[in-house]
Number of protein chains: 2
Amino acid sequence: MSASALLPVPRTTLTREVAERLRQAILSGELVAGQQLAEATMASRLNVSRVPVREALVELEREGLVVFNERGRACVRAFTDEDFAEIVSLRTTLQVMSAKLAAVKHTVEDLERLEMIVKRADKTRDPTEFSRLDIAFHDEIARIARHQRLYQAWSNLRAQMELWIVRAHRERERVKHDVHAATARAHRAMIEVLRSRDPGEAARLMEFHCESMIKVQD
Amino acid sequence: MSASALLPVPRTTLTREVAERLRQAILSGELVAGQQLAEATMASRLNVSRVPVREALVELEREGLVVFNERGRACVRAFTDEDFAEIVSLRTTLQVMSAKLAAVKHTVEDLERLEMIVKRADKTRDPTEFSRLDIAFHDEIARIARHQRLYQAWSNLRAQMELWIVRAHRERERVKHDVHAATARAHRAMIEVLRSRDPGEAARLMEFHCESMIKVQD
DNA sequence: CTTCCGTATTCGGTCTACGGTATACTGTAC
DNA sequence: GTACAGTATACCGTAGACCGAATACGGAAG
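Residues numbered from 1 in each chain as written. Chains lettered and ligands numbered in written order. Predicted model: local features only at pLDDT ≥ 70, side-chain atom pairs only at ≥ 80, totals over all residues. Heavy atoms only, no water.

Student: Explain the overall build of chain A to me, using residue names and the numbers behind them.
Tutor: Helix and strand counts for chain A stand at nine helices and two strands. Put simply, chain A runs from its N terminus to its C terminus through helices and strands in the order α-α-α-β-β-α-α-α-α-α-α. Counting only residues that meet the buried cut, chain A has 48% of its 218 residues in that class. Partitioning the intrachain contacts of chain A with sequence separation of at least 6 by distance along the chain shows that 71% fall at a separation of at least 24. (Helix = DSSP H or I, 4+ residues; strand = E, 2+ residues; numbered from the N terminus. Buried < 20%, exposed > 50% of the residue type's maximum accessible area, 1.4 Å probe, protein only. Contact = heavy atoms within 4.5 Å.)

Right under this line is the structure:
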C-alpha cells in the first residue's frame, strides 16, 4: 500500500475521462444507437461543464461511435451491415500492411507480448474478455509495425471493431467456441510467421485470417 | 450572376474558418515548422476567442499538421524523412485499396470528373496548381471507392501529402517537367484501367504509380 | 377541423473569466 | 561569479453565461 503511495500522480483531463465513460457506455449498450447526446444533459449527468463533453464527443466522432447531424447535434451512431462491411474491409487492409511491417521490425519482446495475449485468451471462458484479447492481439501487431500514421488509422477503427465483435458474439452464441478455437490457431500461426520474418507470408496469412472473420458473420 | 444569388447560404463555423486559415498558413509556409501556436495569440490575431482556435488546433492535429507537446502546447509539426516515408507508404496502401474499389464502383460521371482533372493539369504551368490537381486526382479516386472510412483515413493524410509534394517540388525544380509528364501519363493510364473495371490491374497500376513517386524523391 | 402564425423552449456556437501549473527571469546570498 | 530561491508571467483546463437559430407547441383564424 505505502509503496504505491508515492507513484506519479495519474494526470488526465476531464475530456479524456468523459470520452472514456461515453465510449464504455456506448460499447456496453447503455447508450443505444440513434440516441441524442445533448451536451448540457451529459454535462450535468457527469457533473462537468459542457466543454469537456463537447471535446469528448468530437473524439468519439473521430472513432466513429458518434455522428453529428447537419445542425451539430451528436447522436450515437447506428451501424448498418454496410458499415460493418466497411469496418472489416478497412481493418483487413490496415492489418495486412501492419503484418508486413511487423514481420520485419519485430523484436523478441514484441513476440513475447503477443504470446502473452494468446495465452491469456486461452485461459478465459468469458466471450467479452476473449473479444477484448482478440482486439488486443491485432492492436499489438499494429503497434509492432512502428508506423505512427498506420497505427492512428487503426486506432480510429478499433472502437468500431469492438462494437462489431460484440454484436457478432451476441448474434451467434452457439458457434463461438469454434470461432474462438480458430482465432487462437490463427493467432499462433501468425506469431510463427512473424518469427520467420517473411513479410509476404505474414501478409497472406493476415489477409486470410481477416477474411475468414467476415465469412463467419454470414 | 443572378443564377447563383439564390444558392444555399454557405454556413460555416468559426472553428472551420480558423482551421482553414491555419491550414493554409502552414501549407504556404507562413507558419514554419516547430513554431508555437499559442491559443491566445492566434485568437487575438484572428479576432476570435480561444475556443474556436482550440478546436481548430485539434482538427489540425488529426490532419497531422500540428502536434501537441506533453504540456498540451501546440506547434507546427516538423517533418522528418521518416515521416514522409510513413506518409507515402500509407498513401500507397490506401490508394491501392481505393483503386480496387473504384474499378468496380465507378460511374461514367466519375470518369468524366477524373478526365477533367487530368485535362486541367495539362493546361497549367504552375507547379503548385499541378500538385493540387495531382492530389485532387487521388482524392477523387478515394471518393469514387465510396467507402466512408477509407475516405476518412485518406483525408487524414491529405494535408500531409500536400506538404510532402510541395517540399518535393521545391527541392528539385529542374526535374519537375519530367515528373509532371510521368504523372499525367500515369493518371491517364489509371483512368483507362478503371474503365476496364479490372480491380487487380487497377491495384497493380496504382501501386506502381505511388511507388514511382517515392523513387523520385531520392 | 385544418392550417398558419407566433411564442417559448431547447440546443449548439461563442465569449469571458478564473484557477492551477510550469517556466523564465531576476535578485540575493554564498 | 555562481547557484538557488522567489516572484512574475504566460498558457492551458475548466466553468458559466450569453446569443442566435431551429423546432415544437399552442392558439387563433378560416
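Student: If you had to explain the protein's contact with DNA strand C to someone new, which residues and values would you point to?
Tutor: If you check the shell around DNA strand C, you find 17 residues, and the closest are Arg50 and Arg54 of chain A together with Leu14, Ser49 and Arg71 of chain B. Restricting the count to atoms of DNA strand C within 4 Å of the protein gives a sugar and phosphate share of 71%. Within the side chain of Arg54 of chain A, one N or O atom sits 2.8 Å away from a phosphate oxygen of DNA strand C. Counting only elements with at least two residues in the surface near DNA strand C, the list comes to α3 (50–63) of chain A together with α1 (14–27) and α3 (50–62) of chain B. Top contributing element to the surface near DNA strand C by residue count: α3 of chain B, with three residues. Grouping the constituent residues of the surface near DNA strand C by class yields five nonpolar, four polar and eight charged. (Near = heavy atom within 4 Å. Polar contact = N/O pair within 3.5 Å; in protein donor to acceptor, adjacent residues only side chain to side chain. Nonpolar A, V, L, I, M, F, W, Y, C, P; charged D, E, K, R; others polar.)

Student: How would you summarise the protein's contact with DNA strand D if you had to cite specific residues and measurements?
Tutor: Around DNA strand D there are 16 residues in total, and Leu14 and Ser49 of chain A together with Arg11, Arg50 and Arg54 of chain B lie nearest to it. Taken together, the sugar and phosphate atoms account for 79% of what DNA strand D places within 4 Å of the protein. The side chain of Arg50 of chain B places a nitrogen or oxygen atom 3.2 Å from a base oxygen of DNA strand D. Arg54 of chain B has a polar side-chain atom sitting 2.6 Å from a phosphate oxygen of DNA strand D. Those elements giving two or more residues to the surface near DNA strand D turn out to be α1 (14–28) and α3 of chain A together with α3 of chain B.

Student: Which residues make up the interface of chain A and chain B, and what values do they have?
Tutor: With 23 residues of chain A in contact, the opposing surface of chain B contributes 23 residues. Summing the contributions of chain A and of chain B, the shared interface buries around 2000 Å²; its carbon and sulfur component is 46%. A salt bridge links Arg149 of chain A to Asp83 of chain B, with the shortest nitrogen-to-oxygen separation between them at 3.2 Å. On the surface where chain A and chain B come into contact, there are 16 residue pairs in polar contact (both at pLDDT 80 or more). Looking at the side of chain A that touches chain B, the elements with two or more residues in it are α3, α4 (81–105) and α7 (148–171) of chain A. At eight residues, the largest contribution of residues to the side of chain A that touches chain B is made by α4 of chain A. Residue composition of the side of chain A that touches chain B, by class: seven nonpolar, seven polar and nine charged. (Buried area = accessible area lost by both parts, 1.4 Å probe. Salt bridge = Lys/Arg side-chain N within 4 Å of Asp/Glu carboxyl O.)

Student: Give a detailed account of the environment of Asp139 of chain A, specifying residues and quantitative values.
Tutor: All names here are of chain A. When you line up the elements, Asp139 lands in helix α6 (residues 127–144). The class of Asp139 is buried, set by a relative accessible area of 14%. Sequence separation of Asp139 and Arg158 is 19 residues, and the distance between their C-alpha atoms is 8.1 Å. Residues within four places of Asp139 in sequence aside, it is in contact with Tyr151, Trp154 and Arg158. Of note is the side chain of Asp139, whose polar atom sits 2.9 Å from the side chain of Trp154.

Student: So what's going on with the relation of the copies chain A and chain B? Which residues, and what values?
Tutor: Note on the identical chains: chain A maps onto chain B by a rotation of 180° and an axial translation of 0.0 Å, with an RMSD of 0.1 Å. Taken together, the turn and the small shift mark the pair as related by a two-fold rotation axis. Of the C-alpha atoms belonging to chain A, the one lying closest to the rotation axis is found on Ala153 of chain A, 3.0 Å away. Take the interface residues of chain A: 100% of them recur as interface residues in chain B, which is what a same-surface contact looks like. (Least-squares fit on C-alpha atoms with pLDDT ≥ 70 in both.)

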